[in-house]
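# Coordinates in review
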Amino acid sequence: MSYHLCRLPMAEHPYYIRSISTSIYSLEELCYYLHHNVYLIDETLVNEQLCDWLRDEFGLTRLYRTLYDALEHRNVADFILPIFREIGYLRPEEMKSYQDELGRIQVKPEDERQKMKADYLVRSGMYDHAIGEYFQILDRQDSGRLSAQFYAQVWSNAGCAFARLFEFEAAAGCFFRSWKLVRTKEALRKYVSALPMFLSQEAYEERLKELGADQQLISRMQEYNVHILQKAQKESSRIRREQTGDGEALEGLKAEYRRSVCSKGA
């Protein structure tokens, strides 16, 4: 394990990263964020504002000029890597690995890069941010470059993010759009699974009739959903037993919820 000690003073004015709704105060914090969040590198970091912040807060005029030049040439690697080099944050082998990963991401189409970012936000529990990213993709989708399966997956992932926020009607709408694109059993299962979370039993059964889906298939999906629910309940019970205090656990859940729905704006 390596440790990175602050080599420069803390900034008087922080730099705000919209992707995670967080302010950073040091070059080491910036490097840590870049190193561990390669999928989140976007225009909220690769911009003139970051260049100005590094110059004004730390007096790094040479780095400022290097990054501005990279902006003019639209080269993300030439913008990010000098920041690491400024304080020797990464070892040579780490730098090489990071550069390779960054290059692999940057050659992908814009929609695919943004989906990787949104998926990463979901894994980090930042569902509201992720939903915003998914809908940006869907608003501009370039169906000539990427397949219907790709956009079906974007709709599906957006639905999963809504479900994590207990917004089941919105989740069902996303799952339905996904199913309309690919008509797979798995896409239908997700849609059917979300319906009972906000529909009455009568409305649910009516919707199944409208779908015209095979009843045996629906029955198997419902059995599968019951199995998944039972597993989730067991896991929830296990977690509750391991909690050291109800009050502490509740505060943790509150903090996690606030983080997941934090505002997207600066």
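Please read these numbers as outputs of a predicted model, since none were measured by experiment. (Residues numbered from 1 in each chain as written. Predicted model: local features only at pLDDT ≥ 70, side-chain atom pairs only at ≥ 80, totals over all residues. Heavy atoms only, no water.)

## Some points on the overall build of the protein
Filter applied, for reference: Each helix is a run of DSSP H or I of at least 4 residues and each strand a run of E of at least 2, with the numbering of both proceeding from the N terminus. Burial classes follow relative accessibility: with a 1.4 Å probe on protein chains only, a residue under 20% of its type's maximum area counts as buried, one over 50% as exposed, and anything between as partly exposed. Contacts are residue-level and defined by heavy atoms, with any inter-residue pair within 4.5 Å sufficient. Residue burial considers only the protein chains on display, and all accessible areas are found by Shrake-Rupley using a 1.4 Å probe.
The secondary structure content of the protein amounts to 13 helices and 2 strands. A buried classification covers 41% of the 266 residues belonging to the protein. Considering only intrachain contacts with a sequence separation of at least 6, the fraction spanning at least 24 residues in the protein is 56%. Summed over its atoms, the accessible surface of the protein is roughly 15700 Å², and 50% of this surface lies on carbon and sulfur atoms.

## Focus on the packing of aromatic side chains
Going by this rule: Here a pair means two rings of Phe, Tyr or Trp (six-membered ring of Trp) with centres within 6.5 Å. Their orientation is stacked below 30 degrees between planes, edge-to-face above 60, and tilted elsewhere.
Under the definition given, this model contains 12 aromatic pairs. Arranged with centres 5.1 Å apart and planes meeting at 85 degrees, the rings of tryptophan 53 and phenylalanine 58 form a pair that is edge-to-face. Assigned by exposure class, tryptophan 53 and phenylalanine 58 land together as buried. Between phenylalanine 84 and tyrosine 98, the aromatic rings sit 5.0 Å apart at their centres with planes inclined by 85 degrees, giving edge-to-face as the arrangement. Of this pair, phenylalanine 84 sits in helix α4 (residues 76–87) while tyrosine 98 sits in helix α5 (residues 92–106), and the two are 14 residues apart along the sequence. The buried category is assigned to phenylalanine 84, whose relative accessible area is 0%. Among the residues examined, tyrosine 98 registers a relative accessible area of 6% and is labelled buried.

## Considerations on the packing of helix α7 (residues 127–140) against helix α8 (residues 148–164)
To be explicit about the condition: For helices, the fitted axis covers only the stretch in contact; all axes are lines through C-alpha atoms, and the angles between them, taken along N-to-C directions, range from 0 to 180 degrees. Any angle from 65 to 115 degrees is called roughly perpendicular, while one under 35 is roughly parallel, one over 145 is roughly antiparallel, and all others are oblique. Two helices cross in a left-handed way if the nearer one is turned anticlockwise from the farther one by less than a right angle. They cross in a right-handed way if the turn is clockwise.
Orientation of α7 relative to α8, taken along the N-to-C sense of each, is 155 degrees, at an axis distance of 9 Å. In terms of orientation, α7 lies roughly antiparallel with respect to α8. Crossing handedness for the pair α7 and α8: left-handed. Contacts from Tyr127, Ile131, Tyr134, Phe135, Ile137 and Leu138 in α7 reach Phe150, Tyr151, Val154, Trp155, Asn157, Ala158, Ala161, Phe162 and Arg164 in α8.

Treat this as a map of the structure, not an account of what it does.
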